[in-house]
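The primary structure of each chain is shown beneath.
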Number of protein chains: 2
Amino acid sequence: MFNIKLLISYLGTPFLGWQKTNMGPSIEATLESALEKILRHPVTLQAASRTDAGVHAEGQVVNFQAHCPVDPRRLKHSLNGLLPKEISVLEVVAVPKAFHPTLDSLKKEYWYHVCTGFSQLPFYRNASWHFPFALNHEAMQRAASDLLGTHDFSAFCNERALWDRDPVCTLERIELTPLPQDRLRISFVGDHFLYRMARNLAGTLAYIGSGKLDPSCIPSLLKNKDRTLAGMTAPAHGLTLKHVFYS
Amino acid sequence: MFNIKLLISYLGTPFLGWQKTNMGPSIEATLESALEKILRHPVTLQAASRTDAGVHAEGQVVNFQAHCPVDPRRLKHSLNGLLPKEISVLEVVAVPKAFHPTLDSLKKEYWYHVCTGFSQLPFYRNASWHFPFALNHEAMQRAASDLLGTHDFSAFCNERALWDRDPVCTLERIELTPLPQDRLRISFVGDHFLYRMARNLAGTLAYIGSGKLDPSCIPSLLKNKDRTLAGMTAPAHGLTLKHVFYS
């Protein structure tokens, strides 16, 4: 068996998320069937992040076991030829047997894009949330600094999923970057993220920025662990898995 | 009659270009029918630039004559409600009777995006040309500076169209801006552009950057006026009408 790691990017719009489902197309099933066509043996994929329906990825990391050695350059070429244009393979690397994309990941970076203008430019509609309110960046910055560090993030988790071993996460960095044309990028770097946590953080920060929640609410939200007191779950299409960090 | 100016943005992907055609959807026909639904009288549109099929716009300027005064804020709201997500109205303004979006325009700015990486990120596939060759920016810069100024641009015009009064144009600025993820933006500012001129300039610069044409070829291309000696017409989906300038 040869452990092969792929770095992939996808536009989440036409998929029902990473994970295979019999309801419609998933990134996992699409990639798996392309790999099986090339390698002519069954393939099982593991991904660093099981992105939701509509969520995009710029640097998703996945792996699988090949039955025979593969030429990385050729496999990348063949995959990009077979896959739909919404999925792109950026890197193929043979890795040590023990490598596991989820368990070995040290931290992940997510980007959330918000468009606050009255009219959203059509270019961004698949990849940013149209939330047409003036956002107070100072208030958001203050709340963001309260979120940094190690906390129980239950208040930012929609029904804890089975794979969430632990509601305690460490957020290392939250950055607000104003972009041209009334857009704002909120980037999150953390060791792990609970179910919908990045979207709940983005929704809560947007609520704080638009005055629907007080900038000082974070410590009590974290303490009360009550999801219903935090902001809304921001829409999936604003979220992009930017990068997965390994040692 | 009330002369109304609209600033609009669109993703050209699903349209057969600005101009009405009975072959399929056009931006002109889509916008016209939305306006007629709201105003309840026939509407004729004029646009600053008749963009080709697949070409995008961030700042297209159009006008029409309304039979009665309109509330700009309300009209903008109604239009954005009626129009498909690929077209967005950014501004509605009542302008003097004499205003004409094409004849009054002083200059226009076009952006051309090229992605030179081996794999193109799926996010950019509708709005940048995947040309996977290393580009020599210095060579392109040299050629660009030869293009600046007032010249007969017949060598960069595909079959001169009826509305091109004059093959002599003035290019005021050409800028190369490297962007993250192996992308390059080429911006062109000029007083007017011949049929497919922006795309022919982009294709020629890409050919020069990748070594298919010599960086010193521009003066003789301009002199010979022979379209067949210049580079290819770069694909429509890499081009965006960025801005139309008025006095």
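What counts and what doesn't
- Residues numbered from 1 in each chain as written.
- Chains lettered and ligands numbered in written order.
- Predicted model: local features only at pLDDT ≥ 70, side-chain atom pairs only at ≥ 80, totals over all residues.
- Heavy atoms only, no water.
- Least-squares fit on C-alpha atoms with pLDDT ≥ 70 in both.
- Contact = heavy atoms within 4.5 Å.
- Buried area = accessible area lost by both parts, 1.4 Å probe.
- Salt bridge = Lys/Arg side-chain N within 4 Å of Asp/Glu carboxyl O.
- Polar contact = N/O pair within 3.5 Å; in protein donor to acceptor, adjacent residues only side chain to side chain.
- Helix = DSSP H or I, 4+ residues; strand = E, 2+ residues; numbered from the N terminus.
- Buried < 20%, exposed > 50% of the residue type's maximum accessible area, 1.4 Å probe, protein only.
- Phe/Tyr/Trp six-rings, centres within 6.5 Å; stacked < 30°, edge-to-face > 60°.
- Lys NZ or Arg CZ within 6 Å of the ring centre and 35° of its normal.
- pLDDT = per-residue confidence, 0-100.
- Expected span 1.5 Å × (residues − 1).
- Axes fitted to C-alpha atoms, helices over the stretch in contact; angles between N-to-C directions.
- Parallel < 35°, antiparallel > 145°, perpendicular 65-115°, else oblique.
- Left-handed = near helix turned anticlockwise from the far one by under 90°.
- Nonpolar A, V, L, I, M, F, W, Y, C, P; charged D, E, K, R; others polar.
- Pairing = 2+ DSSP bridges.

(A) Representation of the relation of the copies chain B and chain A in the model. Its rotation angle being 180°, the transformation that places chain B on chain A also includes 0.0 Å of axial translation and leaves an RMSD of 0.0 Å. One copy is carried onto the other by what is essentially a two-fold rotation axis. For chain B, the smallest separation between a C-alpha atom and the rotation axis is recorded for B:Phe123, amounting to 4.9 Å. A share of 100% of the interface residues of chain B reappears at the interface of chain A, consistent with the copies meeting face to face through the same patch.

(B) Quick look at the interface of chain B and chain A. Between chain B and chain A, the contact holds 25 residues from the first and 25 residues from the second. Where chain B abuts chain A, roughly 1,900 Å² becomes buried across the two surfaces, and 64% of that area is made up of carbon and sulfur atoms. Among the residues of chain B in contact with chain A, B:Phe118, B:Pro122 and B:Phe123 are the three that bury the most area, contributing 30% of the side total. Residues A:Glu86 and B:Arg125 are paired through a salt bridge, measuring 2.8 Å at the closest nitrogen-oxygen approach. At the boundary of chain B and chain A, one finds 10 residue pairs in polar contact (both at pLDDT 80 or more). Breaking the side of chain B that touches chain A down by element, the ones donating at least two residues are strand E1 (2-10), strand E3 (56-66), helix H2 (72-82), strand E4 (87-95) and strand E10 (239-245) of chain B.

(C) Seen up close, the pattern of salt bridges. Residues and elements named next belong to chain B. A complete count under the given rule lists 18 salt bridges over all chains for this structure. The closest approach of N and O atoms between Lys225 and Asp152, which form a salt bridge, is 3.4 Å. Residue Lys225 is found in the loop between helix H5 (218-224) and E10, and its partner Asp152 is found in strand E7 (residues 149-152); the two are separated by 73 residues along the sequence. Here Asp152 falls in the buried class, since its relative accessible area comes to 18%.

(D) Seen up close, the packing of aromatic side chains. Tallied over the entire structure, the rule returns 14 aromatic pairs over all chains. Ring geometry for A:Tyr110 and A:Phe193: centres 4.9 Å apart, planes at 80°, overall edge-to-face. Taken as a pair, A:Tyr110 in strand E5 (residues 107-115) and A:Phe193 in the loop between strand E9 (183-190) and helix H4 (197-209) lie far apart in primary sequence, 83 residues in all. With a relative accessible area of 7%, A:Tyr110 lands in the buried category. Each residue in the set A:Tyr112, A:Trp129, A:Phe131 and A:Phe133 is aromatic and connected to the rest through ring pairs, giving one cluster. Sitting over the face of the ring of B:Phe245, B:Lys107 holds its NZ or CZ atom 5.2 Å from the ring centroid. Above the plane of the ring of B:Trp111 lies B:Arg185, whose end atom (NZ or CZ) is 3.8 Å from the centre.

(E) Spatial organisation of the confidence of the model for chain A. For chain A, mean pLDDT is 94; residues scoring 70 or higher make up 98% of the total. Confidence metrics for the complex model read pTM 0.87 and ipTM 0.78.

(F) Just unusual backbone geometry, in detail. Residues and elements named next belong to chain A. For Arg40, which is not a glycine, the phi torsion comes out positive at approximately 60°. You can see Arg40 is positioned in the loop between helix H1 (27-39) and strand E2 (46-47). On the basis of relative accessibility, which here comes to 74%, the residue Arg40 falls in the exposed class. If you check the backbone angles, Asp182 has positive phi at about 55° while not being a glycine. Along the chain, the position of Asp182 falls in the loop between strand E8 (168-179) and E9. Take Asp182: its relative accessible area is 48%, and that puts it in the partly exposed class.

(G) Representation of H4(A) in the model. All names here are of chain A. End to end, H4 covers 18 Å across 13 residues, agreeing with the expected 18 Å (1.5 Å per residue, within 8%). Most of H4 is tucked away: 12 of the 13 residues are buried. Turning to H4, its buried residues number three or more, namely Met197, Ala198, Arg199, Asn200, Leu201, Ala202, Gly203, Thr204, Leu205, Ala206, Ile208 and Gly209. Two residues or fewer after H4 comes Gly211, characterised by a positive phi angle close to 85°.

(H) Spotlight on the packing of helix H1 (residues 27-39) of chain B against H2(B). All names here are of chain B. Two numbers describe how H1 lies on H2: the axes approach to 10 Å, and their chain directions differ by 125°. With respect to each other, H1 and H2 are oriented oblique. By crossing handedness, the relation of H1 to H2 is classed as right-handed. Contacts between H1 and H2 involve Leu31, Ala34, Leu35, Lys37 and Ile38 from the first element and Leu75, Ser78, Leu79 and Leu82 from the second. Considering only residue class, the contact of H1 with H2 consists of 7 nonpolar, 1 polar and 1 charged.

(I) Spatial organisation of the pairing of E8(A). All names here are of chain A. For strand E7 (residues 149-152) and E8, the ladder comprises 4 bridges, and the chain directions are antiparallel. The residue bridging His151 from the neighbouring strand is Cys169, located in E8. Note: E8 against E9, 8 bridges, orientation antiparallel. Its bridge partner being in E9, Leu171 is matched across the sheet by Gly190. Count of turn residues in the E8/E9 antiparallel hairpin: 3 residues, of which Gln181 carries a positive phi of about 60°.

(J) Examining the environment of B:Asp166 more closely. Residues and elements named next belong to chain B. Secondary-structure assignment places Asp166 in the loop between E7 and strand E8 (168-179). Note on Asp166: relative accessible area 34%, which makes it partly exposed. For the pair Asp166 and Phe153, spaced 13 residues apart in sequence, the C-alpha separation works out to 9.4 Å. Ignoring sequence-local partners within four residues, the contact set of Asp166 consists of His192 and Leu194. From its side chain, Asp166 meets the backbone nitrogen of Val168 in a polar contact 3.1 Å long.

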